[in-house]
Amino acid sequence: QVQLVESGGGLVQAGGSLRLSCLASGRTFSSYAMGWFRQAPGKEREFVAHITWGGGSTYYADSVKGRFTISRDNAKRTVYLQMNSLKPEDTAVYYCAADSIRLRVSVRPGDYDYWGQGTQVTVSS
């Protein structure tokens, strides 16, 4: 069982930056691949970024590639999402998620076992 708590969301102007954090409970955090997803009002939840259990590989949605960076610190049981050059279309609730199949790289929300409660990111134009 893993519990995830996101933080770091807020209101920022276009072109600005935010850093999201996701703290995991439990001592098995390093056993999970981790992902970030987002959901805007009236839209489906969409994949943003993925990082393997050891942090050696990352994968990004085309819409954020080159602007967002996912990383993790297993000793701190935390995964991060550094978001730069933010755009109004990045406005959404951002969720972190844990996949117990740690070698899988998935963009599908249904493949993830545990989810945080989400943190709101609002980018003004």
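Located above this text is the structure these notes cover.
Attention here is on the structure that accompanies the text.

Regarding the overall build of the chain
Here comes step 1: Check the secondary structure of the chain and you find zero helices and eleven strands.
Here comes step 2: In terms of overall size, the chain behaves like a compact globule, its C-alpha atoms giving a radius of gyration of 13 Å where 125 residues would be expected to give roughly 14 Å.
Here comes step 3: Of the roughly 6400 Å² of accessible surface on the chain, 48% is carried by carbon and sulfur atoms.
Here comes step 4: If the 14 positive side-chain charges of the chain are averaged to one point and the 10 negative ones to another, these points end up 6 Å apart.

Comments concerning unusual backbone geometry
The phi angle of most residues is negative, glycine excepted, and most peptide bonds adopt the trans form.
Here comes step 1: A positive phi angle, close to 55 degrees, is found at Arg-77, a residue other than glycine.
Here comes step 2: With respect to the secondary-structure elements, Arg-77 resides in the loop between β7 (68-73) and β8 (78-83).
Here comes step 3: Judged by its relative accessible area of 34%, Arg-77 falls in the partly exposed class.
Here comes step 4: If you check the backbone angles, Ser-85 has positive phi at about 50 degrees while not being a glycine.
Here comes step 5: Tracing the chain through its elements places Ser-85 in the loop between β8 and β9 (92-99).

What about the sheet that holds strand β3 (residues 18-24)?
Here comes step 1: Ordered in space as β1-β3-β8-β7, the four strands form an open sheet in which the pairing is antiparallel. Two strands close off the open sheet at either side, each with one partner strand: β1 (4-7) and β7. Neighbour-to-neighbour, the strand axes of the sheet open up by a mean angle of 15 degrees, direction not taken into account.

Things to note about the packing of aromatic side chains
Here comes step 1: In the structure shown here, the tally under the stated rule is seven aromatic pairs.
Here comes step 2: Aromatic pair Phe-37 and Phe-47: ring centres 5.7 Å apart, planes at 75 degrees, arrangement edge-to-face. Here the residue Phe-37 occupies a position in strand β4 (residues 33-39), and Phe-47 occupies one in strand β5 (residues 46-51), the gap between them amounting to ten residues.
Here comes step 3: Since its relative accessible area comes to 0%, Phe-37 is described here as buried.
Here comes step 4: The ring of Tyr-80 carries the charged tip of Arg-19 above its face, separated from the ring centre by 4.0 Å.

Focus: the side chain of Asp-99
Here comes step 1: By secondary structure assignment, the location of Asp-99 is in strand β9.
Here comes step 2: Taking relative accessible area as the criterion, Asp-99 reaches 0% and is therefore assigned buried.
Here comes step 3: For Asp-99, the side chain forms a polar contact with the side chain of Arg-104, separated by 2.9 Å.
Here comes step 4: Asp-99 has contacts with Ser-31, Tyr-32, Ala-33, Arg-104, Ser-106, Asp-111, Tyr-112 and Asp-113, leaving out every residue within four places of it along the chain.

What about the environment of Ser-106?
Here comes step 1: Tracing the backbone shows Ser-106 in the loop between β9 and β10 (114-115).
Here comes step 2: For the pair formed by Ser-106 and His-50, sequence separation is 56 residues and the distance between their alpha carbons is 7.7 Å.
Here comes step 3: Each residue touching Ser-106, except ones within four places of it in the same chain, is listed here: Phe-47, His-50, Asp-99, Asp-111 and Tyr-112.
Here comes step 4: Side chain to side chain, Ser-106 and Asp-111 meet in a polar contact 2.6 Å long.

About the cut-offs
- Residues numbered from 1 in each chain as written.
- Predicted model: local features only at pLDDT ≥ 70, side-chain atom pairs only at ≥ 80, totals over all residues.
- Heavy atoms only, no water.
- Helix = DSSP H or I, 4+ residues; strand = E, 2+ residues; numbered from the N terminus.
- Rg over C-alpha atoms; globule rule 2.2 N^0.38 Å.
- Areas by Shrake-Rupley, 256 points an atom, 1.4 Å probe, with all protein chains shown as cover.
- Lys, Arg positive; Asp, Glu negative; His and termini not counted.
- Charge placed at Lys NZ, Arg CZ, Asp CG, Glu CD.
- Buried < 20%, exposed > 50% of the residue type's maximum accessible area, 1.4 Å probe, protein only.
- Pairing = 2+ DSSP bridges.
- Axes fitted to C-alpha atoms, helices over the stretch in contact; angles between N-to-C directions.
- Phe/Tyr/Trp six-rings, centres within 6.5 Å; stacked < 30°, edge-to-face > 60°.
- Lys NZ or Arg CZ within 6 Å of the ring centre and 35° of its normal.
- Polar contact = N/O pair within 3.5 Å; in protein donor to acceptor, adjacent residues only side chain to side chain.
- Contact = heavy atoms within 4.5 Å.

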